[in-house]
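Chain by chain, the residues:
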Amino acid sequence: VPNAVKYTLAWGQGQMASQTETSRTFTEMAPGTYTIEVKANAPEGSKEYADSDYATIDVTVDEPLPPLEFEFEVSLKTATAAQVTVTPSRLDETYYVGITSLEEFDEYSSRELTEMITAYVAEQGASVLTTGEAQLLPYALPHKTEFVVYAMGMTEEGESTTKVKHAEFATTAF
């Protein structure tokens, strides 16, 4: 608002604030609908300008979503192949999924795995992310070897939304 020197905000159960900035971020608000009122304040003692009327907006804060979880199912294990199904708890969420040997997986901390996956997605782009149920059919695997199927929730912008979750499986002998 031209010539406004500050803004008065009112919300909730009589909470009020005064500020010079033209935007405000509310954090840690419980789920529910809030009416936020804002008015522009004229310079103190001004005869030329007056405070504006309050403008109102209703804002709804939704319940937070439960954390994204993954269910891993490994079937049809043979000496050199397996069928792996990864099912996220929310089918519309994007995530990265992969398979590696247990030996290689154990070489890295959770933080290092997250950093490596994040860097890979940044390099390759969102096309390496998956939504919905993933069916993996790895073949030409070494026999009698332990493996890990792992998944990590990620936004299309490459931000992790979960820690790396995993399940172990092994190929059989010939």
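Structure first, text after, so check above.
As a starting point, this report considers the structure included with it. Since the model is a prediction, treat every value here as computed from it, not as a measurement.

What to know about the overall build of the protein
Link 1 in the chain: The secondary structure content of the protein amounts to two helices and 10 strands.
Link 2 in the chain: Put simply, the protein runs from its N terminus to its C terminus through helices and strands in the order β-β-β-β-β-β-β-α-α-β-β-β.
Link 3 in the chain: Here the C-alpha radius of gyration of the protein, 26 Å, is well above what a compact globule of 174 residues would show, namely 16 Å.
Link 4 in the chain: Along the first, second and third principal axes, the C-alpha atoms of the protein reach 90 × 30 × 25 Å.
Link 5 in the chain: Sorting the 174 residues of the protein into buried and exposed places 32% on the buried side.
Link 6 in the chain: In the protein, once contacts between residues fewer than 6 apart in sequence are set aside, the share between residues at least 24 apart is 63%.

Re the pattern of salt bridges
Link 1 in the chain: Inspection of every chain in the model, using the stated rule, returns four salt bridges.
Link 2 in the chain: With a closest N to O distance of 3.0 Å, Glu115 and Arg111 form a salt bridge. With Glu115 and Arg111 both in helix 2 (residues 110-124) and four residues apart, this pair spans about one turn of that helix.

Observations regarding the sheet that holds strand 5 (residues 70-75)
Link 1 in the chain: The strand order across the open sheet formed by three strands is 5-6-8, and the pairing between neighbours is antiparallel. Both edges of this open sheet fall to strand 5 and strand 8 (134-136), since each of them pairs with a single strand only. Taking the axes of each pair of neighbouring strands and ignoring which way they run, one obtains an average angle of 15° across the sheet.
Link 2 in the chain: Here three bridges tie strand 6 (residues 83-88) to strand 8, and the two strands are oriented antiparallel to one another. From the neighbouring strand, Thr85 faces strand 8, where its bridge partner is Gln135.

Some details on the layout of surface pockets
Link 1 in the chain: When its volume is computed, the largest pocket comes out at roughly 250 Å³.
Link 2 in the chain: As for the largest pocket, its lining consists of 16 residues, and the residues nearest its centre are Leu9, Arg24, Phe26, Ile36 and Val38.
Link 3 in the chain: When grouped by side-chain class, the residues that make up the lining of the largest pocket number 11 nonpolar, three polar and two charged.
Link 4 in the chain: Looking at the second largest pocket, its volume works out to about 170 Å³.
Link 5 in the chain: Taken together, Tyr96, Thr100, Glu104, Phe105, Tyr108, Leu113, Met116, Ile117, Tyr120 and Tyr150 make up the lining of the second largest pocket.
Link 6 in the chain: Elements represented by at least two residues in the lining of the second largest pocket include exactly strand 7 (95-101), helix 1 (102-105) and helix 2.

The rules we used
- Residues numbered from 1 in each chain as written.
- Predicted model: local features only at pLDDT ≥ 70, side-chain atom pairs only at ≥ 80, totals over all residues.
- Heavy atoms only, no water.
- Helix = DSSP H or I, 4+ residues; strand = E, 2+ residues; numbered from the N terminus.
- Rg over C-alpha atoms; globule rule 2.2 N^0.38 Å.
- Buried < 20%, exposed > 50% of the residue type's maximum accessible area, 1.4 Å probe, protein only.
- Contact = heavy atoms within 4.5 Å.
- Salt bridge = Lys/Arg side-chain N within 4 Å of Asp/Glu carboxyl O.
- Pairing = 2+ DSSP bridges.
- Axes fitted to C-alpha atoms, helices over the stretch in contact; angles between N-to-C directions.
- 1 Å grid on protein atoms, 1.4 Å probe; cavity = no way out; pocket = protein on both sides within 12 Å on 5 of 7 lines; lining within 4 Å.
- Points joined across faces, edges and corners; volume = space filled by probe spheres on them.
- Nonpolar A, V, L, I, M, F, W, Y, C, P; charged D, E, K, R; others polar.

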